Amino acid sequence: MTSAGETTGAVLLGEVLPIELMNTVTVDRGRTRDALADDAGASAWLRAIGDRLTTWTGLQADQFDEAAVRPVAGALRALRDALRRLAAEVTEDPRPPATAPDLARSEAITTLNALAEVWPQFVWAEGGRPAVAYRGSGTSARLAVQLIAYQAVELFAGPDRDRLRPCLAPNCLLFFVKNNPRREWCSPACGNRVRVARHYRRHHAADNA
């Protein structure tokens, strides 16, 4: 797990971008923390994933300063809330909603589809290799949001949907793809917390016996 907490207030687990976006809501010392709570946070998060956006679109991290991101920060938060709502249904997540508790399934789908407006183009730079780059309408910041929405459609409609999991470790709000049969938690840190909690309960029960 790579922590981006120093700059974004979020963690980056190396999951696909839609899941990374879902995971911008965390618990810190018992309090829910939203890494996208303001425009500066949204800008910092997009810059933190800038290398992956470059891979898919050619966009550069320095294109996501606060002024550029401000017009789409609300759409980024709305997309995050929609994805968490859909992920909760797909995974039968027993945790209470961390964002937008009244968001209906139909509203989440509408939000996702409205933002997933990108299309592939064939690119072949001089001296480079043939590749696909995604394009969209509007600004670079909006293209970043659109790309994440597009990848979310592929996530929920593709094979990884059945491997999507909520992390049920104490005080965790994150999601992950179970890409290994033995994986049960979003990160080793959550696995350690679960083992410590189990150890405490066993010894506490033994002491009270």
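As a starting point, this report considers the structure included with it. (Residues numbered from 1 in each chain as written. Predicted model: local features only at pLDDT ≥ 70, side-chain atom pairs only at ≥ 80, totals over all residues. Heavy atoms only, no water.)

### Thoughts on the overall build of the protein chain
Rules: By the criteria applied, helices consist of DSSP H or I runs no shorter than four residues and strands consist of E runs no shorter than two, each listed in order from the N terminus. Each residue's exposure class comes from its accessible area (1.4 Å probe, protein chains only) as a fraction of the maximum for that residue type: buried when under 20%, exposed when over 50%, partly exposed otherwise. Contacts: residue pairs with any heavy atoms within 4.5 Å of one another. Per-residue and other accessible areas follow the Shrake-Rupley method at a 1.4 Å probe size, with only the shown protein chains counted as cover for residues.
On a plain count of helices and strands, the protein chain comes out with 7 helices and 8 strands. Scored against the burial criterion, the 209 residues of the protein chain give a buried share of 42%. Taking all contacts inside the protein chain whose residues are at least 6 apart in sequence as the whole, residues at least 24 apart take part in 57%. Summed over all atoms, the accessible surface of the protein chain reaches about 11,400 Å², with 52% contributed by carbon and sulfur.

### Some points on the pairing of strand 3 (residues 25–28)
Basically, it comes down to this: In this scheme, strands are said to pair when DSSP sees at least two bridges between them.
Relative to strand 4 (residues 31–34), strand 3 runs antiparallel, the two being bridged by 4 bridges. Among the inter-strand pairings, threonine 26 is bridged to a residue of strand 4, identified as arginine 33. The antiparallel pairing of strand 3 with strand 4 creates a hairpin that spans 2 residues between the two strands, and arginine 29 there sits at a positive phi of about 55°.

### A closer look at the packing of aromatic side chains
The cut-off we apply is this: Classification of ring pairs rests on two measures: the distance between centres of Phe, Tyr or Trp rings, Trp counted by its six-membered ring, which must be within 6.5 Å, and the angle between planes, read as stacked under 30 degrees, edge-to-face over 60 and tilted in between. Distance and angle both matter: a charge sits over a ring if NZ of Lys or CZ of Arg is within 6 Å of the ring centre and within 35 degrees of the ring normal.
One pass over the structure, following the stated rule, counts 3 aromatic pairs. Ring centres of phenylalanine 122 and tryptophan 124 lie 6.3 Å apart, and the angle between their planes is 75°; on these two criteria the pair is classed as edge-to-face. The two residues phenylalanine 122 and tryptophan 124 agree in class, both being exposed. Ring plane angle 45° and centroid distance 5.2 Å describe the contact between tyrosine 134 and tyrosine 150, whose orientation is recorded as tilted. In this pair, tyrosine 134 is assigned in strand 6 (residues 131–136) and tyrosine 150 in helix 6 (residues 140–157), connecting sequence segments 16 residues apart. Residue classification places tyrosine 134 among the buried residues on the basis of a relative accessible area of 11%. Residue classification places tyrosine 150 among the partly exposed residues on the basis of a relative accessible area of 22%. A cation over an aromatic ring shows up here: arginine 95 above the ring of phenylalanine 175, its NZ or CZ 4.8 Å from the ring centre.

### Quick notes on the nonpolar core
This is how the line gets drawn: Take the buried Ala, Val, Leu, Ile, Met, Phe, Trp, Tyr and Cys residues and link them wherever side-chain atoms come within 4.5 Å; each set so joined is a nonpolar core.
Grouped together as the largest cluster of nonpolar side chains are 44 residues, with contacts concentrated most on Trp45, Leu46, Leu76 and Leu79. If you list the elements that add at least two residues to this core, you get helix 1 (17–22), helix 2 (39–48), helix 4 (66–91), helix 5 (105–115), helix 6 and strand 8 (175–177).

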